[in-house]
Amino acid sequence: MIRTISVEEITNNIKEMCIEANHYLSKDMEESLKKAAGQETSALGRKILNQLQENLQTAGEEMIPICQDTGMAVVFVEIGQEVHVEGGLLEDAIHEGVRLGYSEGFLRKSVVRDPLIRENTKDNTPAVIHYEIAAGDKVKLTLAPKGFGSENMSCVFMLKPSDGIEGVKHAILTAVKDAGPNACPPMVVGVGIGGTFEKCALLAKKALTRPVNESSPIPYVKEMEEELLEKINMLGIGPGGLGGRVTALAVNINTYPTHIAGLPVAVNICCHVNRHAAREL
Amino acid sequence: MDKYITTPITAETTKGLRAGDYVYITGTFYVARDAAHKRLIEALEKEEREFYARLPKRDKNNGNLAQPEEEALKKKLREALPFPVIDSAVYYMGPSPAREGRPIGSAGPTTASRMDKYAPRLLDLGQKAMIGKGKRTREVIDSIIRNQAMYFAAVGGAGALLSKCIKSSELVCYEDLGAEAVLKLEVEDFPVIVVIDSNGNNLYETAIKEYAEII
Ligand code: SF4
């Protein structure tokens, strides 16, 4: 049976999700930030972590965005192959949702139409949209506004198979060290390993939408996540990059099959304002 | 140590502060980010070209001006800027839009390194304080020392909280830049941390070393 979903429903949900994601963090992020304050050894670090708690509270209560960089809207769409979208184009419906969300929600418009001519589009469109066709008759939307302080510190490494797991760990630690204070630590580190050049970047981006208290289902990857988190928190960068223990809240790694000749690794750094909202229609 | 200062920020003010000090600033901030800085510097370059063009029989590539001419040029350049640059504090920030009845929206710092290319020129003309987040280049640090200036960090990603310290906001220029326009803010007890002091001490480097267990 084909299920019909109207473009208005898509637009409305995207609009609400833009506003929601920019004012409230998910439960797992909130709890993880709270826990971090108890683990911080530096007094200045603790002070900053407490400010971040207060900031979240002010944001939610007074409807002020958590961060002024309300990001470029990244949208993951998982669309069941039994879904029929009615009333227009799915793509247009998503952009329209972003446009309405950013205008009506008093969110900052940070998108320029051309990367070199750099004229602001004044409504934060277009979004960056990734589609996946899934089984069933549901549409799952995940919206992640991405700030560029941390996005700018992200990178892709095309490693050699002989670099192995140590090479991968080294690459991730290097990316985090280089990011330092610029990425508004404590950060969340999204990693993609395998696939192709673009696939590993997408894996890394998607890893950032996984709850920070959830580990990879693959045992050796889970171990690597834990080891890297521990190592990152020994780098000394700390909250705000001003020294301390809590440099990262989580390392989330996604993997994918790759070519015999390659070992691509992407590190997508996100700040403590790791925003995402998800809905199933 | 917690300290309280007011703008204008003079060489006297920066002399009393060290990297690592927690400081509350009250007074006036001028807001500018990448696109605004680009225009400020273009305005200075235009003024400078015109100044040299007016000088009689001078080698245009030879920047060694005599003292009175040097001062005259500086004066012209300062006048070309849309805000009084001497002893000013510039906040690297692009706010989210204000809701009705509020002076500003979310208003935390942006990454300062994007202003590295432009900052020394403004410091040389008298700007004393930069407020942002993240690392700076050697050129900026040298310019901080040369001008007894200072780099402060505000907490990145605390824009809702920081907005509460902003009492008023007024457009200065470049309205067409939207979130990147130049603004004049009145702030009260705005919390910052001295990262690079006027002696060139850099908290980002010293603090990480202090807490690092591995490198
Ligand atoms: S990196 Fe994150 S917290 Fe920092 S300014 Fe950008 S969006 Fe905000």
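Cut-offs used in this document
- Residues numbered from 1 in each chain as written.
- Chains lettered and ligands numbered in written order.
- Predicted model: local features only at pLDDT ≥ 70, side-chain atom pairs only at ≥ 80, totals over all residues.
- Heavy atoms only, no water.
- Helix = DSSP H or I, 4+ residues; strand = E, 2+ residues; numbered from the N terminus.
- Buried < 20%, exposed > 50% of the residue type's maximum accessible area, 1.4 Å probe, protein only.
- Contact = heavy atoms within 4.5 Å.
- Areas by Shrake-Rupley, 256 points an atom, 1.4 Å probe, with all protein chains shown as cover.
- Salt bridge = Lys/Arg side-chain N within 4 Å of Asp/Glu carboxyl O.
- Domains from an automatic or database assignment.
- Buried area = accessible area lost by both parts, 1.4 Å probe.
- Polar contact = N/O pair within 3.5 Å; in protein donor to acceptor, adjacent residues only side chain to side chain.
- Nonpolar A, V, L, I, M, F, W, Y, C, P; charged D, E, K, R; others polar.
- Axes fitted to C-alpha atoms, helices over the stretch in contact; angles between N-to-C directions.
- Parallel < 35°, antiparallel > 145°, perpendicular 65-115°, else oblique.
- Left-handed = near helix turned anticlockwise from the far one by under 90°.
- Near = heavy atom within 4 Å.
- Pairing = 2+ DSSP bridges.

A word on the overall build of chain A
- Of regular secondary structure, chain A possesses 8 helices and 10 strands.
- With the C-alpha coordinates aligned to their principal axes, the bounding extent of chain A is approximately 55 × 50 × 40 Å.
- A burial count over chain A gives 56% of its 281 residues as buried.
- Pairs at least 24 apart in sequence give 81% of the contacts found in chain A among residues at least 6 apart.
- Approximately 11,900 Å² of chain A is accessible, and the part contributed by carbon and sulfur atoms is 55%.

As for the pattern of salt bridges
- On inspection of all chains with the given rule, the structure shows 31 salt bridges over all chains.
- The shortest N-O distance in the salt bridge between Lys47(A) and Asp2(B) comes to 3.5 Å. Of this pair, Lys47(A) sits in helix α3 (residues 43–62) while Asp2(B) sits in strand β1 (residues 2–6), each in a different chain.
- Here Lys47(A) falls in the partly exposed class, since its relative accessible area comes to 28%.
- Among the residues examined, Asp2(B) registers a relative accessible area of 41% and is labelled partly exposed.
- Within this structure, Glu166(A), Lys169(A), Glu227(A) and Lys231(A) form a network of salt bridges that share partners.

Observations regarding the domain arrangement of chain A
Residues and elements named next belong to chain A.
- Domain assignment breaks chain A into domain 1 (3–22 + 66–146) and domain 2 (149–274).
- At the junction of the two partners, domain 1 supplies 11 residues and domain 2 supplies 12 residues.
- Buried surface at the junction of domain 1 and domain 2, both sides included, amounts to about 770 Å², of which 71% is carbon and sulfur.
- Summed over the shared surface of domain 1 and domain 2, the number is 3 salt bridges.
- The salt bridge involving Glu132 is made with Lys206; its shortest N-O contact spans 2.8 Å.
- Across the domain 1-domain 2 interface, the total number found is 4 residue pairs in polar contact (both at pLDDT 80 or more).
- Listed by contribution, the elements that provide at least two residues to the side of domain 1 that touches domain 2 are β2 (72–80), β4 (128–134) and β5 (139–146).
- When the residues that make up the side of domain 1 that touches domain 2 are grouped by side-chain class, the tally is 5 nonpolar, 2 polar and 4 charged.

Quick look at the packing of helix α6 (residues 164–179) of chain A against helix α8 (residues 219–232) of chain A
All names here are of chain A.
- Put simply, α6 and α8 touch, their axes get as near as 11 Å, and they point 40° apart. Considering their axes alone, α6 and α8 lie oblique with respect to each other. α8 is crossed by α6, and the crossing has right-handed handedness. Between α6 and α8, the contacting residues are Ile165, Lys169, Ile172, Leu173 and Val176 on the first element and Tyr220, Met224, Glu227, Leu228, Lys231 and Ile232 on the second.

Topic: the interface of chain A and chain B
- If you look at the interface, chain A gives 49 residues, while chain B gives 45 residues.
- Between chain A and chain B, the buried area comes to about 3,600 Å², and carbon and sulfur atoms account for 58% of it.
- On the surface where chain A and chain B come into contact, there are 2 salt bridges.
- For Lys164(B), the salt bridge goes to Glu62(A), with nearest N and O atoms at 2.5 Å.
- Inspection of the chain A/chain B interface yields 19 residue pairs in polar contact (both at pLDDT 80 or more).
- Breaking the side of chain A that touches chain B down by element, the ones donating at least two residues are α3 and α6 of chain A.
- Counting residues per element, the side of chain A that touches chain B draws most heavily on α3(A), at 11 residues.
- A class-by-class count of the residues in the side of chain A that touches chain B yields 20 nonpolar, 19 polar and 10 charged.

Side note on the site of the ligand
- Close to the ligand lie Cys67(A), Asp69(A), Gly147(A), Gly149(A), Ser150(A), Cys184(A), Cys271(A), Val273(A), Arg275(A), Lys133(B) and Gly157(B), which account for all nearby residues.
- One chain alone does not account for the residues near the ligand; they come from chains A and B.
- The residue makeup of the shell around the ligand, split by class, is 4 nonpolar, 4 polar and 3 charged.

Regarding the sheet that holds strand β6 (residues 155–159) of chain A
All names here are of chain A.
- With mixed pairing, the 4 strands of this open sheet are ordered in space as β6-β9-β7-β8. Each of the sheet's edge strands pairs with one partner strand only, and the pair in question is β6 and β8 (248–258). Strand-to-strand twist in this sheet, taken as the mean axis angle between neighbours without regard to direction, amounts to 15°.
- Alignment of strand β7 (residues 187–195) against β8, held across 9 bridges, turns out to be parallel. Among the inter-strand pairings, Val191 is bridged to a residue of β8, identified as Ile253.
- Sheet strands touched by α6: β6, β7 and β9 (263–270). Its angle to β9, the strand with the most contacts, is close to 30°.
- Across the sheet, helix α7 (residues 197–207) touches β6, β7, β8 and β9, and the angle it forms with β7 is around 145°.

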